[in-house]
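Here is how the chains run, residue by residue.
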Amino acid sequence: CLHSYCLQCITKLHVEGTTSITCPTCNQSTTIPDEDVSSLPRNVRLSEETKQDKILRKVTSTSPPPCDSCDENSPIAYCTECDELLCNVCYDAHQRLKKSRSHSSFTLKEAQNTSRDE
């Protein structure tokens with residue numbers, strides 16, 4: 001089946017000495033390779049936190065970091081090529097500078113809207 005569970009929960013569901021596990025959602029039986037639940041396929045989508053999610057978690061923490069460029073203001077955007085959080089002033093400059101105007105970037109507001117839509 002295509003249902004996903006954390007390794008800790010699957011381990012609790014597995015009866016030692018058996019070669020399969022039954023999904024608690026759909027009751028479909030899945031063969032466990034080498035009787036080792038950790039060898040079951042991983043759901044990559046669930047196991048890999050997106051870059052946007054990491055940035056959002058970082059800036060919405062109890063002590064959000066300052067702008068990586070000026071170290072003064074709160075960040076409102078992120079440049080994926082420079083790997084930097086940027087405040088409004090620095091982001092505007094980043095968009096105008098010849099060397100960085102073509103960089104891929106996103107505003108934190110765009111990232112929040114994207115993560116809510118998923």
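That block above? That's the structure.
Counting starts from 1 at the beginning of each chain's written sequence and moves along it residue by residue. Per-residue local features are limited, in this predicted model, to residues with pLDDT of at least 70; the limit for side-chain atom pairs, both in listing and counting, is 80 or more; totals at the level of whole chains, interfaces and linings are taken over all residues. Water and hydrogen atoms were dropped before computing side-chain values, which therefore reflect all heavy atoms in the structure.

What is the right way to read the side chain of His-103 from this model?
Helix numbering and strand numbering both begin at the N terminus, where a helix is a DSSP run of H or I of at least 4 residues and a strand a DSSP run of E of at least 2. Residue placement: His-103 occurs in the loop between helix H4 (88-96) and strand S5 (105-107). By relative accessible area, which is 19% here, His-103 ends up buried. Distance and chemistry together define a polar contact, namely a pair of N or O atoms within 3.5 Å, with one atom able to donate a hydrogen and the other to accept it when in protein, and with adjacent residues in sequence counting only for side-chain atoms on both sides. Here the side chain of His-103 touches His-94 through a polar contact of 3.4 Å, side chain to side chain. A distance of 3.3 Å separates a polar atom in the side chain of His-103 from the backbone oxygen of Lys-99. Contacts between residues were defined by any pair of non-hydrogen atoms, one from each residue, lying within 4.5 Å. Ignoring any residue separated from it by four or fewer positions in sequence, one finds His-103 in contact with Cys-79, Glu-81, Cys-82 and His-94. Accessibility here uses a 1.4 Å probe with only protein chains present; expressed as a share of the type maximum, an area under 20% marks a residue as buried, one over 50% as exposed, and anything in between as partly exposed.

It is not clear to me how the packing of aromatic side chains should be interpreted in this structure. Could you clarify?
Given two aromatic rings, one states the distance between the centres and the angle between the planes to describe the pair. Think of it this way: a Phe, Tyr or Trp ring, Trp meaning its six-membered ring, pairs with another when their centres are within 6.5 Å, and the plane angle makes it stacked under 30 degrees, edge-to-face over 60, tilted otherwise. A full pass over the atoms with the stated rule returns one aromatic pair. Judged by centre distance (5.5 Å) and plane angle (45°), the rings of Tyr-78 and Phe-106 are tilted. Highlighted residues: Tyr-78 in strand S3 (residues 77-79) and Phe-106 in strand S5, separated in sequence by 28 residues. Assigned by exposure class, Tyr-78 and Phe-106 land together as buried.

Honestly, the environment of Ala-111 in this entry has me stumped. Any pointers?
In this structure, Ala-111 sits in helix H5 (residues 108-117). Along the backbone, Ala-111 and Ile-76 are 35 residues apart, and their C-alpha atoms lie at a distance of 10 Å. Excluding residues within four positions of it along the chain, Ala-111 makes contact with Gln-52, Leu-56 and Phe-106.

Would you mind showing me how to read the nonpolar core here?
Nonpolar side chains in soluble globular proteins generally cluster together in the buried interior. Counting residues in each nonpolar core, the largest one holds eight residues, listed as Ile-55, Leu-56, Val-59, Tyr-78, Leu-85, Phe-106, Leu-108 and Ala-111. Secondary structure elements with two or more residues in this core: helix H3 (51-59) and H5. No other element matches H3, which puts three residues into this core. Buried residues of nine kinds, namely Ala, Val, Leu, Ile, Met, Phe, Trp, Tyr and Cys, make up a nonpolar core once their side-chain atoms join them within 4.5 Å. Counting residues in each nonpolar core, the second largest holds seven residues, with Cys-67, Ala-77, Cys-90 and Tyr-91 among its members.

Just checking my understanding: could you explain the layout of surface pockets for this structure?
Unoccupied space between atoms shows up once a probe the size of one water molecule is rolled over them. Considered as a void within the structure, the largest pocket measures approximately 620 Å³ in volume. Of all elements in the fold, only helix H1 (7-13), strand S1 (20-22) and helix H2 (44-47) reach the threshold of two or more residues within the lining of the largest pocket. Counting residues per element, the lining of the largest pocket draws most heavily on H1, which supplies three residues. Amino acids are sorted into nonpolar (Ala, Val, Leu, Ile, Met, Phe, Trp, Tyr, Cys and Pro), charged (Asp, Glu, Lys and Arg) and polar (every other residue, Gly among them). Class assignment of the residues belonging to the lining of the largest pocket gives a composition of 14 nonpolar, seven polar and one charged. Here a cavity is any set of points on a 1 Å grid over the protein atoms alone where a 1.4 Å probe fits but cannot get out, and a pocket is any open set with protein on both sides within 12 Å along at least 5 of 7 lines; a residue lines the site when it has an atom within 4 Å of a point. Grid points are joined across faces, edges and corners, and a volume is the space filled by probe spheres set on the points.

Can you help me understand the sheet that holds S5 in this one?
Either a parallel or an antiparallel arrangement is found when strands of a sheet pair, and the pairing is made through backbone hydrogen bonds. At least two bridges found by DSSP between two strands are what make those strands a pair. Strands sit in the order S4-S3-S5 across an open sheet of three strands; the sheet is antiparallel. Edge positions in the sheet fall to strand S4 (84-86) and S5, since each of these pairs with one other strand and no more. Across the sheet, the mean angle from the axis of one strand to that of its neighbour is 20°, orientation sign disregarded. Where S3 lies against S4, three bridges are found, and the strand directions are antiparallel. Across the sheet, residue Cys-79 finds its bridge partner in S4, namely Glu-84. Along the sheet face, H3 touches S3, S4 and S5 and points at about 55° away from the line of S4. Fitting a line to C-alpha atoms yields each axis, with helices limited to the stretch in contact; the angle taken between N-to-C directions then spans 0 to 180 degrees.

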